[in-house]
Amino acid sequence: MYLYNSATHKKEELKTHTPGRVEMYTCGPTVYHFAHIGNLRSYIMEDVLEKYLRFAGYDVNRVMNITDVGHLSSDADTGEDKMLKGAKRENKTVMDIAKFYTDAFFDDCRKLNIKTPDVVQPATGCIGEYIKIISKLVDTGYAYLAGGNVYFDSSKLERYYIFNDHDEDDLAVGVREGVEEDSNKRNKNDFVLWFTKSKFEDQALKWDSPWGVGYPGWHIECSGISMKYNGEYLDLHCGGVDNAFPHHTNEIAQSESYLGHPWCPHWFHVHHLNDPAGKMSKSKGEFLTVSLLEEKGYDPLAYRWFCLQSHYRKTLVFSWENLDNAAAAYTKLLNRIAALKPEGDVDAAVFGEYREKFLQQVGNDLNTSMAVTAVFDALKAKTNDATKLAVIGEFDKVLSMSLLEKAAALREKAAQAVQSGGGDYVITGEGDPEIDAKVLARYEAKKAKNFAEADRIRDELKAQGIEVTDVKGGASWKRV
Ligand SMILES: [Zn+2]
C-alpha cells in the first residue's frame with residue numbers, strides 16, 4: 001500500500017518491520033466529554049485504513065489508548081486537567097466521568113461501524129510503564145527535574161521538528177494566546193513527563209513515583225502503551241492532524257531517546273472537519289455529536305458516507321446541506337442495491353477483476369472517494385446481479401457501510417408491505433419483489449421529504465413500464 005507519510009512529507013510504500021504484519025497505533029479520545037463528529041472523522045478514516053490493510057492480506061495489531069488522566073486543557077502542559085474539568089462540571093468523580101464517556105465513545109463508534117481496536121488501554125492502567133521509561137530518560141540525561149516536575153529536555157535531541165509543516169512561530173508555545181509559560185522549562189519545547197507539583201491540589205488520581213506522588217503527562221502515555229502492546233518497533237502511527245504537534249513530536253522524542261533506535265517510520269494524519277466559517281470548535285454554535293445527528297433524523301452511517309466521499313488529507317467542510325446530499329446519495333445507493341436480484345452464480349473472473357482494481361485504487365493513499373465510485377461502477381458492470389452483489393459485499397469489507405444488510409432489510413420490508421393486510425403501508429401489484437422494493441423505497445423517500453429521490457424512483461419505474469397509483473394506506477402498481 002502507498003500512503004502519505006507526514007514524517008517524510010511524501011507518499012511512500014508502507015514497509016513494516018515484520019513482513020506481512022502491521023503494528024498500528026491510534027491516539028484515542030480524552031474521555032471528558034462526548035466525541036465531536038470532527039474527531040470521529042479521524043476514527044472513521046483510521047478504521048477504513050485498518051480494514052483496507054486486512055483486506056490487502058496484512059495481519060494487523062491495532063492498539064489505542066483512552067486518555068483518562070494527564071491531558072491538560074492546553075497541549076503545552078498548562079491549564080486545567082480536562083478530566084477534572086469534566087468531573088467538576090458534572091459533579092461526578094473522575095473515574096465515573098471516564099467510564100461514562102468511554103462507553104459513549106464506543107457507542108458512537110458502533111453506530112458508525114468503527115471496529116474496536118485489538119487493544120484498548122486506558123492511560124491509568126499503565127503507570128508502571130511510564131515510570132520505567134521516565135526513569136531511564138532521567139538516568140540518561142534526556143530528562144530533568146525542576147520545580148517538582150520531570151521534564152523532557154528537547155535540547156538533547158539532534159532533531160526535534162519532525163513534522164515541520166509547522167512554522168517556527170507556532171512552536172513558540174509561550175506566545176500563543178491564553179497559554180502561560182512554564183518557568184521551570186529550560187527550553188521552550190521541553191514538556192512534562194511527570195507532574196508532582198501541579199497547581200491543582202485537587203487532582204483526583206495520583207500515584208507513587210521515584211519523584212514523588214503525582215501523575216503522568218499526556219504524551220508519555222502513548223509511548224508507554226504502544227511499546228507495551230506493539231513492541232519496540234511500531235509500523236504505523238495514526239491520529240488527527242492537530243495531534244502532530246506537540247503530541248506526536250513529543251512521542252517521537254521520548255520514545256527514540258528511550259529506545260536508542262528509530263521508533264515509528266510511518267505517520268498517518270487525518271485533516272480537520274471544518275464548518276464553512278473555519279475550524280469547528282465547541283464554543284461556536286451547536287456541539288455536533290452522533291446523538292445530535294440521530295435526533296435530527298440522520299442515519300449515523302450517512303455521516304460515514306459523507307466522510308468517505310472525500311480524501312483524508314483534505315479539510316472536509318461540514319454543513320447540513322452537505323450532509324443531506326450525502327444522506328440522499330446513500331439512500332439512493334441502498335435502493336439500487338435492494339433492486340438487485342440475488343440469483344445466479346457469481347462470475348469469479350469478473351469478481352476477481354473488480355476486487356483487484358479496488359485493491360489498487362484504494363491502496364493509493366487510501367483513496368476512499370475512488371472506493372465510493374467503485375461501488376457505483378460495480379452496479380453498472382456487465383454481469384449478473386449475483387456477481388454485482390458479491391463485488392459490493394467485498395468492497396463493503398473496507399467501506400463498512402452495511403450495504404448488503406441494509407439493502408436486504410429494504411427488500412424484506414417491501415415483501416412485508418406486500419403481504420401485510422393491516423400494516424402501515426400495503427403494496428399490491430403483480431408479485432415482483434424488485435418492483436415492490438422500489439415502490440416502498442419511493443414511499444420511504446416521500447416520508448423523509450426527499451422528493452427528488454421519490455421522483456427519481458417514479459421515473460425509473462415508469463421507464464420500466466410500471467405505473468404506480470397511491471391508494472389509502474399504500475400503493476398499487478401495474479405494468480402498462
Ligand atoms: Zn497519542
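What you see is a predicted model; the values in this text were computed from it and never measured.

A. The arrangement of the overall build of the protein in detail. Within the protein, the secondary structure is distributed over 16 helices and 17 strands. Judged by the C-alpha coordinates and their principal axes, the protein covers about 85 × 50 × 35 Å. Across the 480 residues that make up the protein, the buried fraction comes to 42%.

B. How the structure looks around the domain arrangement of the protein. Under the domain assignment, the protein is made up of domain 1 (2–270), domain 2 (294–404) and domain 3 (413–479). One C-alpha centre belongs to domain 1, the other to domain 2, and the line joining them spans 33 Å. Of all the secondary-structure elements, those providing two or more residues to the side of domain 1 that touches domain 2 are β1 (2–5) and α1 (37–55). Here the element with the most residues in the side of domain 1 that touches domain 2 is α1; it accounts for 10 residues. For the side of domain 1 that touches domain 2, a count of residues per class yields 13 nonpolar, one polar and five charged.

C. Structural detail: the sheet that holds strand β15 (residues 426–428). Spatially, three strands are ordered β15-β17-β16 in an open sheet, and the strand pairing comes out mixed. Taken across any chain shown, the strands that pair with only one partner, and hence form the sheet edges, are β15 and β16 (466–471). Sheet twist, expressed as the average angle between the axes of neighbouring strands with direction ignored, equals 20 degrees. Those strands touched by helix α15 (residues 433–447) are β15, β16 and β17 (474–479), and its axis lies near 140 degrees from that of β17.

D. Up close: the sheet that holds strand β8 (residues 191–195). Reading across from one edge, β6-β7-β8-β9 is the order of the four strands in this open sheet, with antiparallel pairing throughout. Each edge of the sheet is formed by a strand with only one pairing partner; in this case those strands are β6 (143–146) and β9 (215–216). The pairing of β6 with strand β7 (residues 149–152) spans four bridges and is antiparallel. If you follow Leu145 over to β7, its bridge partner there is Val150.

E. Broad picture of the environment of Lys85. Residue placement: Lys85 occurs in helix α2 (residues 82–90). In this structure the C-alpha to C-alpha distance between Lys85 and Arg442, which are 357 residues apart in sequence, comes to 49 Å. Those residues within four positions of Lys85 in sequence are excluded, and the remaining contacts are Tyr32, Ser73 and Glu80.

F. A look at the packing of helix α4 (residues 127–139) against helix α7 (residues 244–259). Taken N-terminus to C-terminus, the directions of α4 and α7 make an angle of 70 degrees; their axes are 10 Å apart at the nearest point. On the basis of their axis angle, the class for α4 and α7 is roughly perpendicular. In contact with Ile133, Lys136 and Leu137 of α4, α7 contributes Gln254, Ser257 and Tyr258. Its residues assigned to classes, the contact of α4 with α7 comprises three nonpolar, two polar and one charged.

G. Region of the structure containing the pairing of strand β4 (residues 59–66). Among the eight residues of β4, six are classified as buried, and the element is accordingly described as predominantly covered. With six bridges joining them, strand β3 (residues 21–26) and β4 adopt parallel strand pairing. Bridge pairing in β4 places Glu23 opposite Asn61. Following the backbone out of β3, through α1 and into the adjacent parallel β4, one traces a crossover that is right-handed. Alignment of β4 against strand β5 (residues 119–122), held across four bridges, turns out to be parallel. Bridged to Asn65 within β5 is Gln121.

H. Looking closely at the nonpolar core. Residues Ile134, Leu193, Ala371 and Phe395 are the most contacted members of the largest nonpolar core, which totals 123 residues. The element best represented in this core is α1, accounting for nine residues. If we ignore the near neighbours within four places in the chain, the residues touching Phe395 are Phe358, Ala371, Ala374, Val375 and Ala378.

I. Representation of helix α11 (residues 348–362). In this model α11 runs 21 Å from its N-terminal to its C-terminal C-alpha over 15 residues, within 8% of the 21 Å that 1.5 Å per residue would give. Among the residues of α11, Tyr354, Phe358 and Val362 are the ones counted as buried. Take α11 and look down its axis: the buried residues cluster within an arc of 50 degrees, on one side only. Of the residues in α11, the exposed ones pointing more than 90 degrees away from the buried face are Ala348, Ala349, Gly352, Glu356 and Gln360. Next to the buried residues of α11 lie α1, α12 (368–380) and α13 (385–399).

J. View of unusual backbone geometry. Here Phe245 and Pro246 are connected by a cis peptide whose omega angle stands at 0 degrees. Structurally, the position occupied by Pro246 is in helix α7. Phi is positive for Asp365, close to 55 degrees, though the residue is something other than glycine. Here Asp365 lies in the loop between α11 and α12. Exposure remark for Asp365: the 16 C-beta atoms within 10 Å place this residue in the partly exposed category. Located in the positive-phi region is Ser402, a residue other than glycine, with phi close to 55 degrees. Its location among the elements puts Ser402 in the loop between α13 and α14 (403–419). For Ser402, a count of 16 C-beta atoms within 10 Å puts it in the partly exposed group.

Rules behind the numbers
Residues numbered from 1 in each chain as written. Predicted model: local features only at pLDDT ≥ 70, side-chain atom pairs only at ≥ 80, totals over all residues. Helix = DSSP H or I, 4+ residues; strand = E, 2+ residues; numbered from the N terminus. Buried ≥ 20, exposed ≤ 12 C-beta atoms within 10 Å, placed from the backbone. Domains from an automatic or database assignment. Nonpolar A, V, L, I, M, F, W, Y, C, P; charged D, E, K, R; others polar. Pairing = 2+ DSSP bridges. Axes fitted to C-alpha atoms, helices over the stretch in contact; angles between N-to-C directions. Contact = placed C-beta atoms within 7 Å. Parallel < 35°, antiparallel > 145°, perpendicular 65-115°, else oblique. Right-handed = clockwise from strand over helix to strand, strands pointing away. Core = buried A, V, L, I, M, F, W, Y, C linked by C-beta atoms within 7 Å. Expected span 1.5 Å × (residues − 1). Arc of directions from axis to C-beta.

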